[in-house]
Amino acid sequence: PERPRPGVPFVPLSESHCRSRMLGTQLSSRLAGGQRISTTGNTSRALSLEVTCKVPTRREQLAKRHKRVRNTVEGTPERPRLAVFRSNNHMYAQVIDDVSQSTLVMTSTLSKDIKSGLNGVTNNTEAAAAVGKAVAELCKEKKIEKVCFDRGGFQYHGRVKALADAAREGGLSF
């Protein structure tokens, strides 16, 4: 429980207080877990409320989405996982066997053969398509025809979709 600060009256509020006419609003229905209401000032006058909650960062939201995707997508020796990572400047693709925990094929826009054909621009859909085509060729060399696609928590749109379409055109099925 919170303790009152010296010189400042503290009134602990319950749900019934939040619904009272004195506050003029029904905050209790809008409060999520982890939020709290604190009052300041004299309680006979209008109360000032402070509602705080933790907002997750974009990286935390991405990790949450990726975890949700990974609950359904698993790479096996017969059908490994094609994992995609997209940064602001580059695209990365790996074909992973989750059973043996090994990477079978890996390529990115940092590879010399891909980077040389892109004229220095590595963060667009053409670069992603080049990575998709390259990963499909490397999979053919290793006799991998079927994969399951792991979008890595990223929206299936733009660069991620371009990589997937190019990998399909290159001969991978997923």
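Residues numbered from 1 in each chain as written. Predicted model: local features only at pLDDT ≥ 70, side-chain atom pairs only at ≥ 80, totals over all residues. Heavy atoms only, no water.

1. Here's the deal with the packing of aromatic side chains
Applying the stated criterion across every chain yields a total of four aromatic pairs. Each ring, one from F149 and one from Y156, has its centre 6.0 Å from the other, and the planes form 85 degrees; the classification is edge-to-face. Overall, the relative accessible area of 16% leaves F149 in the buried class. With centroids separated by 5.2 Å and ring planes inclined at 10 degrees, the aromatic side chains of F149 and F174 adopt a geometry described as stacked. Here the residue F149 occupies a position in strand 6 (residues 148-150), and F174 occupies one in the segment after helix 5 (159-169), the gap between them amounting to 25 residues. (Phe/Tyr/Trp six-rings, centres within 6.5 Å; stacked < 30°, edge-to-face > 60°. Buried < 20%, exposed > 50% of the residue type's maximum accessible area, 1.4 Å probe, protein only. Helix = DSSP H or I, 4+ residues; strand = E, 2+ residues; numbered from the N terminus.)

2. Overview of the nonpolar core
When a protein is soluble and globular, its nonpolar side chains tend to lie buried together. Core analysis: the largest hydrophobic core is formed by 26 residues, its most contacted members being L82, V95, V135, F149, L163 and L172. Going through the elements one at a time, strand 3 (81-86), strand 4 (91-97), helix 4 (125-141) and helix 5 are the ones with two or more residues in this core. At seven residues, helix 4 tops the list of elements feeding residues into this core. Setting aside its immediate chain neighbours within four residues, V135 contacts L82, A93, V95, V105, T107 and A167. (Core = buried A, V, L, I, M, F, W, Y, C linked by side-chain atoms within 4.5 Å. Contact = heavy atoms within 4.5 Å.)

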